[in-house]
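Remarks on the overall topology
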Amino acid sequence: AQSVTQLDSQVPVFEEAPVELRCNYSSSVSVYLFWYVQYPNQGLQLLLKYLSGSTLVKGINGFEAEFNKSQTSFHLRKPSVHISDTAEYFCAVSVRGGNKLVFGAGTILRVKS
Amino acid sequence: GAGVSQSPSNKVTEKGKDVELRCDPISGHTALYWYRQRLGQGLEFLIYFQGNSAPDKSGLPSDRFSAERTGESVSTLTIQRTQQEDSAVYLCASSLGPPGYSSGANVLTFGAGSRLTVL
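Residues numbered from 1 in each chain as written. Chains lettered and ligands numbered in written order. Predicted model: local features only at pLDDT ≥ 70, side-chain atom pairs only at ≥ 80, totals over all residues. Heavy atoms only, no water.

Concerning the overall build of chain A
The condition that has to hold: Secondary structure elements follow DSSP: runs of H or I of four or more residues count as helices, runs of E of two or more count as strands, with numbering from the N terminus. Here the radius of gyration uses the C-alpha set of atoms, whereas the globule reference equals 2.2 Å times the residue count to the power 0.38. Under the scheme applied here, a residue whose accessible area is under 20% of the maximum for its type counts as buried, over 50% as exposed, and between as partly exposed, the area being computed with a 1.4 Å probe on protein chains only. Contacts were defined at the residue level, with two residues in contact if any of their heavy atoms lie within 4.5 Å. Computed with the Shrake-Rupley method and a 1.4 Å probe, the accessible areas treat only the protein chains shown as cover for residues. By the counting rule applied here, Lys and Arg register as positive and Asp and Glu as negative, while His and the ends of each chain are not counted. Note on charges: their place is set at NZ of Lys, CZ of Arg, CG of Asp or CD of Glu.
When you go through chain A residue by residue, the secondary structure sums to zero helices and twelve strands. What you see in chain A, going N to C, is helices and strands ordered as β-β-β-β-β-β-β-β-β-β-β-β. Computed over C-alpha atoms, the radius of gyration of chain A comes to 13 Å, within 12% of the 13 Å expected from 2.2 N^0.38 for 113 residues, which places it in the range of a compact globule. Dimensions along the principal axes, computed over C-alpha positions, put chain A at roughly 40 × 30 × 20 Å. Across the 113 residues that make up chain A, the buried fraction comes to 48%. The long-range fraction of contacts in chain A, counting pairs at least 24 apart against all pairs at least 6 apart in sequence, stands at 58%. Accessible surface, chain A: about 5300 Å² in total, of which carbon and sulfur atoms supply 49%. Within chain A, one finds 10 positive and 8 negative side-chain charges whose respective centroids are separated by 9 Å.

Structural data, given as structure tokens:
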């Protein structure tokens with residue numbers, strides 16, 4: 001079965017600094033990878049996804065993630081964060097052809113001024 | 001509808017009572033999911049519906065939990081004889097197709113959740 005590990009439960013960062021939120025997955029078969037974001041008092045929404053092709057995926061709000069098959073990672077990055085990026089970020093994986101989306105425990109990004 | 005609607009948004013109940021949580025998915029979305037999010041934890045998969053059938057109910061934690069879907073639309077998650085450990089936010093999501101399918105149809109749209117507190 002597939003699983004997801006988000007290595008950091010909280011990441012504090014100053015405004016305009018770069019940030020990387022780490023995600024590693026485990027699966028014996030090919031996967032699709034997703035990042036979802038949950039802003040305070042809102043539902044989860046899709047940030048970006050990797051299905052195939054280019055390993056660098058760009059999403060909304062200036063975020064991007066890189067799929068690294070050899071390291072089984074899908075880290076999320078942003079070169080310069082804003083206060084409004086404060087939210088909880090969830091990495092998720094689904095096996096190809098599968099029905100289930102498995103989520104990591106989430107990383108709370110706190111952007112400070 | 002325009003989004004996934006869940007009700008109630010908040011439910012406080014006494015231990016031992018039964019509760020029903022409702023989900024109205026986006027019209028036309030054949031896939032529907034229930035997840036549980038306990039405080040400080042990630043999303044825990046409960047059950048997946050394709051149409052009105054539930055091919056994967058492997059995440060239901062005990063036989064006190066059940067779910068049904070009718071008319072390829074509304075779904076109800078029922079928790080019988082609630083326990084304090086059932087306290088969590090219950091999230092519903094829908095999509096055109098399952099997340100493991102290689103198309104744009106595999107993106108889940110989530111509702112705002114139903115927060116359940118068992119006293």
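Let's talk about the packing of aromatic side chains
When we look at a pair of aromatic rings, we describe it by the centre distance and by the angle of the planes. Residue and element names in this part refer to chain A. Note the threshold: Two aromatic rings, drawn from Phe, Tyr or Trp (for Trp, its six-membered ring), form a pair once their centres lie within 6.5 Å of each other, and the interplanar angle then sorts them: stacked below 30 degrees, edge-to-face above 60, tilted otherwise.
Using the criterion set out here, one finds 13 aromatic pairs over all chains in the structure. Judged by centre distance (5.4 Å) and plane angle (45°), the rings of Phe63 and Tyr89 are tilted. A residue pair is termed long-range when its members are at least 10 positions apart, and Phe63 in the loop between β7 (56-58) and β8 (64-68) and Tyr89 in strand β10 (residues 87-95) qualify at 26 residues. You can call Phe63 buried: its relative accessible area is 2%. For Tyr89, a relative accessible area of 0% translates into the label buried. For the ring pair Phe90 and Phe103, a centre distance of 6.4 Å and an interplane angle of 80° mean the geometry is edge-to-face. Of this pair, Phe90 sits in strand β10 while Phe103 sits in strand β11 (residues 102-103); the two residues are 13 residues apart in sequence, bridging distant segments of the chain. Judged by its relative accessible area of 0%, Phe90 is buried.

A closer look at the state of the cysteines
Residues and elements named next belong to chain A. We apply this condition: When the sulfur atoms of two cysteines come within 2.5 Å, that pair is taken as a disulfide.
All chains considered together, the criterion is met by two disulfides over all chains. The disulfide partner of Cys23 is Cys91, and the gap between their sulfur atoms is 2.0 Å. Between Cys23 and Cys91 the disulfide shows an S-S torsion of about -65°. By sign, it is left-handed. Here Cys23 is found in the loop between β3 (19-21) and β4 (24-26), whereas its partner Cys91 is found in strand β10, with 68 residues between them in sequence.

Concerning the interface of chain B and chain A
How we decide: When two parts are put together, the accessible area they lose, computed with a 1.4 Å probe and summed over both, is reported as buried area. Whenever Lys or Arg places a side-chain nitrogen within 4 Å of a carboxyl oxygen from Asp or Glu, that contact is recorded as a salt bridge.
On the side of chain A, 22 residues touch chain B, which itself brings 24 residues to the contact. Across the chain B to chain A interface the summed buried area is about 1700 Å²; carbon plus sulfur atoms make up 59%. Linking chain B to chain A there are one salt bridge. Lys100 of chain A serves as the salt-bridge partner of Asp56 of chain B, at 3.8 Å between the closest nitrogen and oxygen.

Topic: the pattern of salt bridges
Residues and elements named next belong to chain A. For the structure on display, the rule yields nine salt bridges over all chains. Arg22 is paired through a salt bridge with Asp8; the nearest N and O atoms lie 2.9 Å apart. In this pair, Arg22 is assigned in the loop between β3 and β4 and Asp8 in the loop between β1 (3-5) and β2 (10-14), connecting sequence segments 14 residues apart. Judged by relative accessible area, which is 31%, Arg22 ranks as partly exposed. Of the charged contacts, one joins Lys58 and Glu64 as a salt bridge, the two residues approaching to 2.8 Å between their closest N and O atoms. The exposed category is assigned to Lys58, whose relative accessible area is 63%. The partly exposed category is assigned to Glu64, whose relative accessible area is 22%. Three or more residues are tied together by salt bridges with common partners; here these are Glu20, Glu66 and Arg77.

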